[in-house]
Amino acid sequence: MSDNPNLIWITLDSLRYDHTSMAGYGRDTTPNLQRIADRSEGRTFSECIAHGNWTLSSSTSILTGTYPSHHTVGLDESTKLTPKLRTVAELLKERGYATACLSDNTHVSDATGLSRGFDRFSWLSSSTLLETAGVKSLAKYALNVRKHSAGFTLDDTKHATPFLMNEVGTRWLDDLRDEEPFFFYLHYNEPHRPYYPPLPYLDRYTDDLDVSTEEAAEISMEVHENLYEIVANGCDLSETEWGALHAMYDAEIAYTDEMVGRLFDHVRSLDLDDTIFVVTADHGELFGEYGLLAHKLCLHDAIINVPLVVHGPTDVTDADDLVQHADLMRTFVEAAGGSTEQLQGVDLREEAREHAIAQRGGASFESLLKYNPDFDIDRYHEPMLNCLRTDEFKYQTSGERSELFALPDEETDVRDRHPETAAALGRRLDEWLETDGQPVDASREAEFTDAMERQLRDLGYVD
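Now for a description of the structure that goes with this document.

Cut-off values and rules
Residues numbered from 1 in each chain as written. Predicted model: local features only at pLDDT ≥ 70, side-chain atom pairs only at ≥ 80, totals over all residues. Heavy atoms only, no water. Helix = DSSP H or I, 4+ residues; strand = E, 2+ residues; numbered from the N terminus. Rg over C-alpha atoms; globule rule 2.2 N^0.38 Å. Buried < 20%, exposed > 50% of the residue type's maximum accessible area, 1.4 Å probe, protein only. Areas by Shrake-Rupley, 256 points an atom, 1.4 Å probe, with all protein chains shown as cover. Lys, Arg positive; Asp, Glu negative; His and termini not counted. Charge placed at Lys NZ, Arg CZ, Asp CG, Glu CD. Axes fitted to C-alpha atoms, helices over the stretch in contact; angles between N-to-C directions. Parallel < 35°, antiparallel > 145°, perpendicular 65-115°, else oblique. Left-handed = near helix turned anticlockwise from the far one by under 90°. Contact = heavy atoms within 4.5 Å. Nonpolar A, V, L, I, M, F, W, Y, C, P; charged D, E, K, R; others polar. Pairing = 2+ DSSP bridges. Phe/Tyr/Trp six-rings, centres within 6.5 Å; stacked < 30°, edge-to-face > 60°. Salt bridge = Lys/Arg side-chain N within 4 Å of Asp/Glu carboxyl O. Core = buried A, V, L, I, M, F, W, Y, C linked by side-chain atoms within 4.5 Å.

## Overview of the overall build of the protein
Then, number 1: Scanning the protein from terminus to terminus reveals 15 helices and 15 strands.
Then, number 2: Relative to the 2.2 N^0.38 estimate, which gives 23 Å for 463 residues, the radius of gyration of the protein is 21 Å and therefore close to what a compact globule would have.
Then, number 3: If you line up the protein on its principal axes, its C-alpha atoms span 60 × 55 × 40 Å.
Then, number 4: Counting the 463 residues in the protein, one finds 63% classified as buried.
Then, number 5: When the accessible surface of the protein is summed, it comes to about 18000 Å², and 43% of that surface belongs to carbon and sulfur atoms.
Then, number 6: Here the protein holds 40 positive side-chain charges and 86 negative ones, and the gap between their average locations is 4 Å.

See below:
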């Protein structure tokens, strides 16, 4: 990796690895990500493990290079980054980098402190569209609303935003190429639920369903709107309903993949020297695993095993090893000559990771018990959940109990069959929690505006 390379980092929301083309999924959902990985200087990582189970904790880990229990953001519902930790953007600014962030998710915003260090920052939402995108881009979007979104509907939750993300992103890139080196971070909100792809993609994967495309789309919306009630009652969905849900989710992935491919091609057209292009996800998504939907309550691989595609001169070639986002950030900042004192990842040019750690804050069952007082909360961990994952095993523990799974099986506790492994991984995790896993500071309350609160409700974070 050369000194001071540019870094373009794209985080896609809620994309699980096993629904991508790189994982050999039955549907070719991410041909563009596969294309980027297959190019010279491209690669894909099969075991990238997210640090957290949802956007706030995971994105903070990405943008600070630290673990959830250390930065503490997202372990509670509404928390903000402590000034005792610097963002990667702040670290790179010290090295002369121009920094920019375009976010389509409230959790990556001023409210949570993750905008710190960015020279240019915009949160893309219905309340900021005109200011961020501009009249020309909005007019262009309106003309293409049937091609790149749900058509003319007042239901904001059905509208897709990657087209606008690309419109703004390409414009910013045209400016940033005159300010090299630069760090440009983009957070796309797709394929986060509700799963409602643009009209041309609605029927992409519905041929085998027993219902029409329109009915499949409405099933997906109904599941989104009634998610807590559905989970509370055991995710009792029919084969057709599961099929509709998967079809809409996969179609959202396919559309977002197309837009990421277009952005990558624009970057290539700029002839930027020494530019690293990263595409990953903050977390995955559950489709019935542990009797759950979305991405709460557990640390199943459906949530924490996310795609990671890297293109550019990184000197990181072994894509079969465990890797975490903090590792890639550590490697990049190290190469740029930045301060790595706070960063908790490993330099992937010199060191392989023996295990990955993922964390989930304390669980609340109130939204589920409201619909079903008999919901089996004993199946899940209520206190903070910590997970240590190797290639073969996943060990997880909370204040309630510990479990050991022999991957890929995450249902059968095998501590009795592998007591030495359970003991060794338990000691390793305890040691980590007592050192690097300690909080750097107490959490602070996030400062969401009314518009941000509305987006959180639309995305299902608030019941």
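## Thoughts on the packing of helix α7 (residues 162-176) against helix α10 (residues 239-269)
Then, number 1: Where α7 meets α10, the closest approach of the two axes is 10 Å, and the angle between their N-to-C directions is 10°. Taken as axis vectors, α7 and α10 run roughly parallel relative to one another. As α7 runs across α10, the sense of the crossing is right-handed. Residues P162, F163, N166, G169, T170, L173 and D174 of α7 form the contact with α10, whose own contacting residues are Y255, T256, M259, R262, L263, H266 and V267.
Then, number 2: Among the residues making up the contact of α7 with α10, the classes are represented as seven nonpolar, five polar and two charged.

## Thoughts on the environment of A217
Then, number 1: Structurally, the position occupied by A217 is in helix α8 (residues 213-225).
Then, number 2: Note on A217: relative accessible area 0%, which makes it buried.
Then, number 3: Between the C-alpha atom of A217 and that of A150, which follows or precedes it by 67 residues, the distance is 11 Å.

## What to know about the sheet that holds strand β13 (residues 393-397)
Then, number 1: Reading across the sheet, the four strands line up as β11-β12-β13-β14 and stay open at both edges, with antiparallel pairing between neighbours. With partners counted over all chains shown, the strands left at the sheet margins are β11 (356-360) and β14 (402-406), one partner each. Shown here is a sheet whose adjacent strand axes are inclined to one another by a mean of 15°, direction ignored.
Then, number 2: Pairing of β13 with β14 involves five bridges; the strand directions are antiparallel. Directly across from T397, in β14, lies its bridge partner S402.
Then, number 3: Along the sheet face, helix α14 (residues 419-434) touches β11, β12 (385-389), β13 and β14 and points at about 55° away from the line of β13.

## Some points on the pairing of strand β1 (residues 6-12)
Then, number 1: Counted residue by residue, β1 has seven buried out of seven residues, so it is predominantly covered.
Then, number 2: Side chains N6, I8, I10 and L12 project from β1 onto one buried face, and the interleaved L7, W9 and T11 project onto a second face that is buried too.
Then, number 3: Pairing of β1 with strand β7 (residues 275-281) involves seven bridges; the strand directions are parallel. Bridging from a neighbouring strand, N6 pairs with T275 of β7.
Then, number 4: Pairing analysis gives six bridges linking β1 to strand β6 (residues 182-188), with the strands arranged parallel. Bridge assignment links T11 to a residue of β6, and that residue is H187.

## A few points about the packing of aromatic side chains
Each aromatic ring pair is summarised here by two numbers: the centre-to-centre distance and the angle between the ring planes.
Then, number 1: Counting across every chain of the model gives 12 aromatic pairs.
Then, number 2: In textbook terms, an aromatic cluster arises when at least three aromatic residues are bridged by ring pairs, as seen for F118, F183 and Y185.

## Regarding the pattern of salt bridges
Then, number 1: As enumerated under the stated definition, the model contains 22 salt bridges in all.
Then, number 2: The salt bridge partner of D119 is K93, with a shortest N-O separation of 2.5 Å. Residue D119 is located in the loop between β4 (98-103) and β5 (120-123), and its partner K93 is located in helix α4 (residues 88-93); the two are separated by 26 residues in the primary sequence.
Then, number 3: Classification of K93 by relative accessible area gives partly exposed; the value is 38%.
Then, number 4: Taken together, the shared-partner salt bridges connect E47, D301, R389, K394 and E410 into one network.

## Describing the nonpolar core
Then, number 1: Grouped together as the largest cluster of nonpolar side chains are 128 residues, with contacts concentrated most on W9, I10, F183, F184, L186, F277 and L293.
Then, number 2: With 15 residues, the single largest contributor to this core is α10.
Then, number 3: With sequence-adjacent residues up to four places away left out, F277 is seen in contact with I8, I10, I36, V260, F264, V267, V309, V310 and H311.
Then, number 4: Residues L388, F393, L429 and L433 belong to the second largest nonpolar core, which totals 12 residues.

## Examining the sheet that holds strand β10 (residues 305-311)
Then, number 1: One open sheet holds the seven strands; their spatial order is β2-β10-β7-β1-β6-β4-β5, and the pairing between them is mixed. Of all the strands in the sheet, just β2 (42-49) and β5 have a single pairing partner and so form its edges. The average angle at which neighbouring strand axes cross in this sheet is 10°, direction not considered.
Then, number 2: As paired elements, β4 and β5 share four bridges and run parallel to each other. Opposite S103, over in β5, you have W123 as the bridge partner.
Then, number 3: Across the sheet, helix α2 (residues 55-64) is in contact with β1 and β6; its angle to β6 comes to roughly 170°.

Geometric values such as these leave the question of function open.
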